[in-house]
Amino acid sequence: MSIVLRDVHRAFGRNQVLRGLDLEVLDGETLSIIGFSGAGKSVVLKHMVGLLQPDSGDVVVDGQNVSGLDVRELNRLRCDIGYVFQFAALFDSMSIADNVAMGLRRIPGMYDEEVVSRVRECLALVELEGIEDRYPSELSGGMVKRAGLARAIATKPKYLLYDEPTTGLDPVTVTVIDRLIVRMKEELGVTGIVVTHDIESAYAVSDRIAMLHDGRMRTCGTVDEIKESDDLLLRSFLEGRPELTEMAS
Amino acid sequence: MNGSVLTPVEYVGRWSINRVQSLGKAGYLITGALRALRNVEIWGPRLIMQMVSVGVASVPIALFIAVFTGIVLALQASYTLTGAVPIYLVGTMVGKSMILELGPVLTGLSLAGRVGASTAAEVGTMRVTEQIDALETLAYDPLAYLVVPRVLAGVFMFPVVIVLASAVGILTGWSASLMLLDMSSAEFVRGLRLFFQPWDIQFAVIKSLSFGLIVTSVGSFYGFHAKGGAGGVGVATTRAVVVSSMLILVLDAFWAVVLL
């Protein structure tokens, strides 16, 4: 198991978001986490990279309990994790090349020539050649997402965490991003965790899909198992039918 | 009934809890920033850029204020002193006031607006657009990357800007005395040197250091804890300017009591 969450609880003030979440992500697979807005999907991702700490329970990544790591160990682990933010979170005062190079500059002993070459390689991988000197504000939404992906893969991570990678994009760009996610798995062999509302996108990129509801894992299975599930709540989400949500509850 | 009685109590309770929480967050930020000092490889390359942004870019506004303060000081001193004491004391008043009080405090307040606001707005925008989270995921300590270079730049550059502004204020006071008052250079310089002590400049530098520390730390603190979107950044920026301006005045009184 490459990423394991055991009985994770997390509250924000009086809002108990995670209530004993258990989740296992297998090496080399792409797992999509779906669920209603506010279910805590992004919170789960942030626990995996140590941006949030659980109130109780364990988050184990690559055999290491994230909440037990000191800063140095956590930074070392983070070099193995790429995080693609919902709105890319590119540094707007920096060029795209500098954005992609940020993680590389934290690798000891890496020469400038290697950094430049790796930046070009990553931008080529996401089909953004020739935009090194441009700034995030000069790019379209789809290009910004791809630049965020280029930054996330620059350090050759073992894990890629995608937070709503296709939200707000047109259908063609959604397909481009979906193909990139599949390509990252096939060409780089990364383990991917995708948080998404976009069920078609989840079908396209996932080996397994997990549904988060009420702070716990409601269901988890292969794409075919999810499509055939007769869980009313899952069906209501997949088919966009609120009446099924009421029946399920 | 209970609700109407308890509401003010609840309000005070909530206000108190928020203040204690803010103190806790401030303590966390300070200890984190002190620990982050050892990450020279992160803040070192950004220090010069921040010194330019905090110091060099603030020179025009600081000098603008100093020029007019010097002129007004000379004219008001002349208006107050003429006929009562020798006119050369205009030089004394201009020099002492600019070095000990008006140079540091007026420049400090103007920089609280310029530097404090830009620090809170920049860091706050990075917070609400998840750029600070992105820094963490890329194995950067955000305190070392964002806070330490800004605070060090404030500590190094505020004294430079304030000493420069005080000098320019004295020069314009001198010029105004020559052009608008019936004074000679010799009289002005005599007054300027009359009660001058090197300690005055050290006092101004100590005040300036503390102002630089406060303005950049408060701006970083409110930016770092900004919430929500543009509105949250606006609130953080406003608070940064108001709180750092108030703290400048408190520190001004503190140093006067302790050092004079």
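Up top you'll find the structure we're talking about.
Residues numbered from 1 in each chain as written. Chains lettered and ligands numbered in written order. Predicted model: local features only at pLDDT ≥ 70, side-chain atom pairs only at ≥ 80, totals over all residues. Heavy atoms only, no water.

Draft legend 1. Quick peek at the sheet that holds strand 4 (residues 56-61) of chain A. Residue and element names in this part refer to chain A. Pairing is antiparallel across the open sheet formed by four strands, whose spatial order is 2-1-4-5. The open sheet has two free edges, formed respectively by strand 2 (15-25) and strand 5 (64-65), since each of these has just one partner strand. Bridge count between strand 4 and strand 5: two bridges; the pairing is antiparallel. Each residue of the ladder has a partner; that of Val-60, found in strand 5, is Asn-65. (Pairing = 2+ DSSP bridges. Helix = DSSP H or I, 4+ residues; strand = E, 2+ residues; numbered from the N terminus.)

Draft legend 2. Region of the structure containing helix 5 (residues 141-153) of chain A. Residues and elements named next belong to chain A. Along its 13 residues, helix 5 runs 19 Å from first to last C-alpha, staying within 8% of the 18 Å computed at 1.5 Å per residue. Among the 13 residues in helix 5, 12 count as buried, and that is most of the element. Along helix 5, the positions that sit buried rather than exposed are Gly-142, Met-143, Val-144, Lys-145, Arg-146, Ala-147, Gly-148, Leu-149, Ala-150, Arg-151, Ala-152 and Ile-153. (Expected span 1.5 Å × (residues − 1). Buried < 20%, exposed > 50% of the residue type's maximum accessible area, 1.4 Å probe, protein only.)

Draft legend 3. The packing of aromatic side chains, seen in detail. One pass over the full model with this rule turns up seven aromatic pairs over all chains. Both rings, one in B:Phe221 and one in B:Tyr222, keep their centres 5.1 Å apart while their planes meet at 80°; by these two values the pair is edge-to-face. Taking relative accessible area as the criterion, B:Phe221 reaches 12% and is therefore assigned buried. Looking at A:Arg151, its charged tip hangs above the ring of A:Phe91, at a distance of 4.8 Å from the centre. (Phe/Tyr/Trp six-rings, centres within 6.5 Å; stacked < 30°, edge-to-face > 60°. Lys NZ or Arg CZ within 6 Å of the ring centre and 35° of its normal.)

Draft legend 4. Molecular detail of the interface of chain A and chain B. With 20 residues of chain A at the interface, the matching set in chain B holds 15 residues. Between chain A and chain B lies a buried interface of about 1,600 Å² when both sides are counted; carbon and sulfur atoms form 58% of it. For the pair chain A and chain B, the number of links is four salt bridges. Salt-bridge contacts for B:Glu130 lead to A:Lys46; the nearest nitrogen and oxygen are separated by 3.1 Å. At the junction of chain A and chain B, the tally comes to six residue pairs in polar contact (both at pLDDT 80 or more). (Contact = heavy atoms within 4.5 Å. Buried area = accessible area lost by both parts, 1.4 Å probe. Salt bridge = Lys/Arg side-chain N within 4 Å of Asp/Glu carboxyl O. Polar contact = N/O pair within 3.5 Å; in protein donor to acceptor, adjacent residues only side chain to side chain.)

Draft legend 5. Representation of the pattern of salt bridges. In this structure the tally under the stated criterion is 22 salt bridges over all chains. Its salt-bridge partner being A:Arg78, residue B:Glu136 comes within 3.7 Å of it at the nearest N-O pair. One end of the pair, B:Glu136, is in helix 5 (residues 131-137); the other, A:Arg78, is in helix 2 (residues 71-78), on a second chain. Residue classification places B:Glu136 among the partly exposed positions, given a relative accessible area of 21%. A:Arg78 gets classed as buried once you look at its relative accessible area, which sits at 5%. When the shortest N-O distance is used, the salt bridge between A:Asp207 and A:Lys185 registers 2.9 Å. Taken together, the residues A:Asp207 in the loop between helix 7 (199-205) and strand 9 (208-213) and A:Lys185 in helix 6 (residues 171-188) connect sequence positions 22 residues apart. What emerges from the salt-bridge pattern is a single network uniting A:Lys46, B:Arg127, B:Glu130 and B:Asp133.

Draft legend 6. A look at a nonpolar patch on the surface. Residues and elements named next belong to chain B. There is a patch of nonpolar side chains on the surface, built from Leu-75, Leu-178, Met-179 and Leu-180 and spanning about 400 Å² of accessible area. It is helix 6 (residues 142-180) that contributes the most residues to the nonpolar patch, three residues altogether. The residue Leu-178 is located in helix 6 in this model. When its relative accessible area of 35% is taken as the criterion, Leu-178 is described as partly exposed. (Patch = residues over 30% accessible without salt bridge, like charges linked within 9 Å, V, L, I, M, F, W, Y side chains within 5 Å. Areas by Shrake-Rupley, 256 points an atom, 1.4 Å probe, with all protein chains shown as cover.)

Draft legend 7. Looking closely at the sheet that holds strand 9 of chain A. Residues and elements named next belong to chain A. Taken together, six strands build an open sheet; the order of strands is 6-7-8-3-9-10 and the sheet is mixed. Two strands in the sheet have a free side with no partner beyond their single neighbour: strand 6 (81-84) and strand 10 (216-222). The mean inter-strand angle of the sheet, taken between neighbouring strand axes irrespective of direction, is 15°. As judged from the six bridges shared by strand 9 and strand 10, these two strands associate in the antiparallel manner. Counted as the bridge partner of Ile-209 is Gly-221 from strand 10. (Axes fitted to C-alpha atoms, helices over the stretch in contact; angles between N-to-C directions.)

Draft legend 8. Fine view of the packing of helix 6 of chain B against helix 8 (residues 198-224) of chain B. Residues and elements named next belong to chain B. Packing of helix 6 against helix 8 brings their axes to within 7 Å, and their N-to-C directions diverge by 150°. Considering the angle they form, helix 6 stands roughly antiparallel to helix 8. Considering only the axes of helix 6 and helix 8, their crossing is right-handed. Facing Pro-142, Leu-143, Val-147, Arg-150, Val-151, Gly-154, Val-155, Phe-158, Pro-159, Ile-162 and Val-163 of helix 6, the residues of helix 8 in contact are Val-205, Ser-208, Leu-209, Phe-211, Gly-212, Leu-213, Val-215, Thr-216, Ser-217, Ser-220 and Phe-224. Taken together, the residues that form the contact of helix 6 with helix 8 break down as 15 nonpolar, six polar and one charged. (Parallel < 35°, antiparallel > 145°, perpendicular 65-115°, else oblique. Left-handed = near helix turned anticlockwise from the far one by under 90°. Nonpolar A, V, L, I, M, F, W, Y, C, P; charged D, E, K, R; others polar.)

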